[in-house]
Amino acid sequence: MNILVINGPNINMLGIREPEIYGRNTYADLVALIEKTAKDERVKVKCFQSNHEGEIVDEIQKAYGIFDGIVINPAAYTHTSVAILDALQSVCIPAVEVHISDVSKREDFRQISYVRKACETTIAGHGLNGYVEAILYLKNNFG
Ligand code: CA2
């Protein structure tokens, strides 16, 4: 199985500010955790992070015919982006929405997720382990 992990804007700043919300681990720690999980589970993984909506749309489109699953934390674009929703729907690849924090317990504007409609499930509030759970979900259900 070949899984694409997409992280949206500011995820590259993890561990630098707001440790009470996002923890103390860095983006490099997250990539290391995802790569270790992929090795343990014998799946292939590619990690992609961008601060730009169009680049995320491009990456989803490029996944067509190459990846069997997508793990996506669109970060702030979760709450605004019809373009990312449309891209996920256009490629028809099973996707899991991940949030490090429990967005359901945060501000009103974080209660809306445009991408959720194109995702099999949502994992939120489990910290970085949410990405591990998402990989296992895709492997168990679509691998
Ligand atoms: O909880 C999540 O994973 C989020 O997707 C993270 C986004 C936020 O906009 C979503 O509502 C929930 C934020 C990404 C990281 O932002 C940082 C801000 C300060 C310091 C480090 C990262």
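Refer to the structure printed above.
Cut-offs applied
The residue numbering used here restarts from 1 in each chain and proceeds along that chain's sequence as written. Residues qualify for local features only when their pLDDT is at least 70, as the model is predicted, and side-chain atom pairs are given and counted only at 80 or more; totals for whole chains, interfaces and linings, by contrast, use all residues. Excluded from the side-chain calculations are hydrogens and water; all other atoms, namely the structure's heavy atoms, are used. Two strands qualify as a pair provided that DSSP identifies no fewer than 2 bridges between them. We count a stretch as a helix when DSSP gives it H or I for four or more residues in a row; a strand needs E for two or more, and each element gets its number in order from the N terminus. Lines fitted to C-alpha atoms define the axes here, with helix axes fitted over just the stretch in contact, and angles between the N-to-C directions of these axes take values from 0 to 180 degrees. For this analysis, residues touch if any pair of their heavy atoms sits within 4.5 Å. An expected span of 1.5 Å times one less than the residue number is assigned to each helix. Note on exposure labels: buried denotes an accessible area under 20% of the residue type's maximum, exposed denotes more than 50%, and partly exposed covers the range between, all computed with a 1.4 Å probe on protein chains only. What the arc covers is the set of directions going from the helix axis to the C-beta atoms. Only protein atoms enter the calculation, which uses a 1 Å grid: trapped sets of points that fit a 1.4 Å probe without letting it out are cavities, open sets showing protein on both sides within 12 Å along at least five of seven lines are pockets, and any residue with an atom within 4 Å of a point is a lining residue. Grid points are joined across faces, edges and corners, and a volume is the space filled by probe spheres set on the points. Polarity classes work like this: nonpolar for Ala, Val, Leu, Ile, Met, Phe, Trp, Tyr, Cys and Pro, charged for Asp, Glu, Lys and Arg, and polar for all others, with Gly in that last group. Throughout this description, any angle smaller than 35 degrees is read as roughly parallel, any larger than 145 degrees as roughly antiparallel, any in the 65 to 115 degree range as roughly perpendicular, and the remainder as oblique.

Visitor: So what about the sheet that holds strand S5 (residues 121–124)? Which residues, and what values?
Guide: Here we have 5 strands laid out as an open sheet, ordered S2-S1-S3-S4-S5, and parallel in their pairing. Lying at the two open borders of the sheet, with one neighbouring strand each, are strand S2 (44–49) and S5. Each strand axis lies, on average, 20° off the axis of its neighbour in the sheet, ignoring direction. Note: strand S1 (residues 2–7) against strand S3 (residues 69–73), 5 bridges, orientation parallel. Considered in S3, the bridge of Leu 4 is made with Ile 70. The sheet contacts of helix H3 (residues 53–62) involve S1, S2 and S3, and relative to S2 the element is tilted by about 160°.

Visitor: Mind laying out helix H2 (residues 27–41), listing which residues take part and the relevant values?
Guide: Helix length check: H2, at 15 residues, gives a terminal C-alpha distance of 21 Å against a target of 21 Å (1.5 Å per residue), a fit within 8%. Listed in full, the buried residues belonging to H2 are Tyr 27, Leu 30, Val 31, Ile 34, Thr 37 and Ala 38. Projected down its long axis, H2 shows its buried positions confined to an angular sector of 125°, all on one face. Among the exposed residues of H2, those oriented more than 90 degrees off its buried face are Ala 28, Lys 36 and Lys 39. Residues of H2 that are buried sit in contact with S1, S2 and helix H5 (129–142). Phi turns positive, to about 55°, at Arg 42, one or two residues after H2.

Visitor: Describe the layout of surface pockets, listing the residues and the values that go with them.
Guide: Space inside the largest pocket adds up to approximately 450 Å³. Surrounding the largest pocket, 20 residues form its lining, Pro 9, Asn 10, Ile 11, Tyr 22 and Ala 75 being those nearest its centre. Taken together, the residues that form the lining of the largest pocket break down as 11 nonpolar, 5 polar and 4 charged.

Visitor: Give me the lowdown on the packing of H3 against helix H4 (residues 82–91), citing residues and values where you can.
Guide: A pair of packed helices is characterised by two quantities: the angle between their axes and the separation of those axes. Between H3 and H4, the shortest axis-to-axis distance is 9 Å and the interhelical angle comes to 5°. Comparing their axes, H4 and H3 come out roughly parallel. Counting all contacts with H3, which are made through Glu 53, Ile 56, Val 57, Ile 60 and Gln 61, the residues of H4 involved are Ala 83, Ile 84, Ala 87, Leu 88 and Val 91. Class assignment of the residues belonging to the contact of H3 with H4 gives a composition of 8 nonpolar, 1 polar and 1 charged.

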